[in-house]
Amino acid sequence: MVLSGVAVAYYLVYIAYAMKNSTSPTAQPVRHGTAIVSAIAGMTVGGAVAANAARDALFLDVFPASDLPWVMIPSAIATLLFAVVASALLRWLGPNRFGPGLYLLCGAGVVSTLAIAPASAEVAAVFLYLMVAAIVGSLAPAMWAMLNERYDPTSGKAAFSRIAWMGTIGSVVGGLVAERVAKYFGNEAVLIGVGGVFLLSGAGLVWVARAWPTLPSVASSEASDQPPVARRYLLALAALTLTLALGGQVIDYLFKEAASAELSGEGLLRFFAVFYAAVGLVGFLGQVSITPRLLNALGPGKTSAFVPIALMLGSVGGFFFGPMVAGSTLRASRGVAKTIFHRASYELFFVPIPTDLKRSSKLLIDVGATSLGGGGGGALLAMLLEY
């Protein structure tokens, strides 16, 4: 708890410092900028994979799987509230100040779980679950908010694919490293490592914010030409995000319930870590070989449409195999499909949006709509399990 307080105080000091010392960059685009932010993306996704594995293992080691819907609902509420606050901060501070600070806060928050666990494992499990859902889930959108202001639609199509590749490689490495660390050093070491990765990524984003200039903002006359069209466009993106999150919450429950019935403790964390790494590896191979061709041939909209087709095919396993294989197959289909068909496409959807509108809406859509979908999925599961 002391570490959490220190993290909050540090974040406030960081904001004050950033506001005082911020300057408009005038340098040319930073050399090897895409390679640098790709490395940060890899660390972000790798840390998130390890954090999710630790969160799931800690929660299922303390609570039965039937309690998952009851933590999904409050985590969705907490995430939605955080998204509203974070969206306001993003618009007020701008991505260059908000993003790095969020990473630094998150890194300290993950490590602070270790201070809570000795007093109450239950409180620590719920705290980590809520924090991973709300704050860790906001890291990638905060990073992309910075990148969306540094690429135009043409350069972004190629660069975002490469950045997404590195994010997927990070998921593989993060899963494998978390499994090895859990085996030899225990679950606590995984949390320390995750916190360190987020702190390092935040430091990298501080450098990006100061060294890499943003593109000129969209002129106000352009932003006001078709405001109803822009709003309908954003509502469609929110609906897409919400629907994917609702279905994903149900799929996650089926997967975790089956896994917790077979494994427990350290073995459960190692299984989640290896599973997420394997899904990331398959997704990376698809990103390298399939995603660029689909984006160039079909564009982002039609490429994203392959996600429900892949989920439909993955659900067929439930008719032929037991719960463990069926749940794993469905969860793997969701992860691979989002990586190959959805991730790079989704970020391209935001590139042409005017800067002010993008800043006020992106986190609300990325995190807020996801939390609403997650809460809806948790409520649906609670109803089904109750009746």
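Described below are features of the structure shown in this document. (Residues numbered from 1 in each chain as written. Predicted model: local features only at pLDDT ≥ 70, side-chain atom pairs only at ≥ 80, totals over all residues. Heavy atoms only, no water.)

1. Here's the deal with the pattern of salt bridges
Right, on to step 1. Evaluated as defined, the whole model comprises six salt bridges.
Right, on to step 2. Across the pair Lys256 and Asp56 runs a salt bridge, and its minimum N-O distance is 3.2 Å. Residue Lys256 is found in helix α9 (residues 227-262), and its partner Asp56 is found in helix α2 (residues 33-62); the two are separated by 200 residues along the sequence. Assigned by exposure class, Lys256 and Asp56 land together as buried.
Right, on to step 3. Close ionic contact of Glu179 with Arg180 constitutes a salt bridge, the shortest N to O distance being 2.6 Å.
Right, on to step 4. A relative accessible area of 36% means that Arg180 is categorised as partly exposed.
Right, on to step 5. Look at the salt bridges and you will find they share partners, linking Arg55, Asp56 and Lys256 into a network. (Salt bridge = Lys/Arg side-chain N within 4 Å of Asp/Glu carboxyl O. Helix = DSSP H or I, 4+ residues; strand = E, 2+ residues; numbered from the N terminus. Buried < 20%, exposed > 50% of the residue type's maximum accessible area, 1.4 Å probe, protein only.)

2. Observations concerning helix α13 (residues 323-350)
Right, on to step 1. Here α13 spans 38 Å end to end across 28 residues, near enough to the 40 Å set by a 1.5 Å rise per residue.
Right, on to step 2. The sharpest bend along α13 reaches about 45° and sits at His342.
Right, on to step 3. Summarising burial for α13: 22 of the 28 residues are buried, a large majority. (Expected span 1.5 Å × (residues − 1). Bend = angle between axes of the 7 residues up to and from the residue.)

3. Considering the nonpolar core
Right, on to step 1. Judged by nonpolar contacts, the single largest core of 82 residues is most densely connected at Phe160 and Val190.
Right, on to step 2. Here this core gets 15 residues from one element, more than from any other, and that element is helix α5 (residues 121-147).
Right, on to step 3. Setting aside residues no more than four positions away along its own chain, Phe160 makes contact with Trp144, Leu147, Asn148, Tyr151, Ala344, Glu347, Leu348 and Val351.
Right, on to step 4. In this structure, Leu234, Leu237, Phe349 and Phe350 belong to the second largest nonpolar core, which totals seven residues. (Core = buried A, V, L, I, M, F, W, Y, C linked by side-chain atoms within 4.5 Å. Contact = heavy atoms within 4.5 Å.)

4. Section: α5
Right, on to step 1. Here α5 spans 38 Å end to end across 27 residues, near enough to the 39 Å set by a 1.5 Å rise per residue.
Right, on to step 2. Where α5 bends most, the angle comes to about 35°, and this point is Val132.

5. Examining a nonpolar patch on the surface
Right, on to step 1. Together, Leu246, Leu380, Met383 and Leu384 make up an exposed nonpolar region whose accessible area comes to about 350 Å².
Right, on to step 2. No other element matches the three residues that helix α14 (residues 355-386) contributes to the nonpolar patch.
Right, on to step 3. On the basis of relative accessibility, which here comes to 59%, the residue Leu384 falls in the exposed class. (Patch = residues over 30% accessible without salt bridge, like charges linked within 9 Å, V, L, I, M, F, W, Y side chains within 5 Å. Areas by Shrake-Rupley, 256 points an atom, 1.4 Å probe, with all protein chains shown as cover.)

6. So, the environment of Leu348
Right, on to step 1. Relative to the helices and strands, Leu348 is located in helix α13.
Right, on to step 2. Considering only alpha carbons, one finds Leu348 and Phe160, 188 residues apart in sequence, at a separation of 7.8 Å.

7. Focus on the packing of aromatic side chains
Right, on to step 1. Per the counting criterion, the structure on display carries 10 aromatic pairs.
Right, on to step 2. Arranged with centres 5.8 Å apart and planes meeting at 50°, the rings of Phe271 and Phe272 form a pair that is tilted.
Right, on to step 3. For Phe272, a relative accessible area of 0% corresponds to the buried category.
Right, on to step 4. One aromatic cluster is present, formed by Phe255, Phe271, Phe272, Phe275 and Tyr276 through successive ring pairs.
Right, on to step 5. The side chain of Arg55 reaches across the aromatic face of Tyr129, ending 4.5 Å from its centre. (Phe/Tyr/Trp six-rings, centres within 6.5 Å; stacked < 30°, edge-to-face > 60°. Lys NZ or Arg CZ within 6 Å of the ring centre and 35° of its normal.)

8. Topic: the environment of Ser161
Right, on to step 1. Mapped onto the elements of the fold, Ser161 is located in helix α6 (residues 153-185).
Right, on to step 2. Sequence separation between Ser161 and Ala344 is 183 residues, and the spatial gap between their C-alpha atoms is 5.8 Å.

9. So, the packing of helix α3 (residues 68-93) against helix α4 (residues 95-116)
Right, on to step 1. Put simply, α3 and α4 touch, their axes get as near as 7 Å, and they point 135° apart. On the basis of their axis angle, the class for α3 and α4 is oblique. On the side of α3, the interface is formed by Phe82, Ala86, Leu89, Leu90 and Leu93, while α4 contributes Pro95, Arg97, Phe98 and Leu102. (Axes fitted to C-alpha atoms, helices over the stretch in contact; angles between N-to-C directions. Parallel < 35°, antiparallel > 145°, perpendicular 65-115°, else oblique.)

10. Some words on the packing of α2 against α5
Right, on to step 1. Axis separation between α2 and α5 bottoms out at 9 Å; the angle between their running directions is 160°. As judged from the angle between their axes, α2 and α5 are roughly antiparallel. Between α2 and α5 the crossing geometry is left-handed. (Left-handed = near helix turned anticlockwise from the far one by under 90°.)

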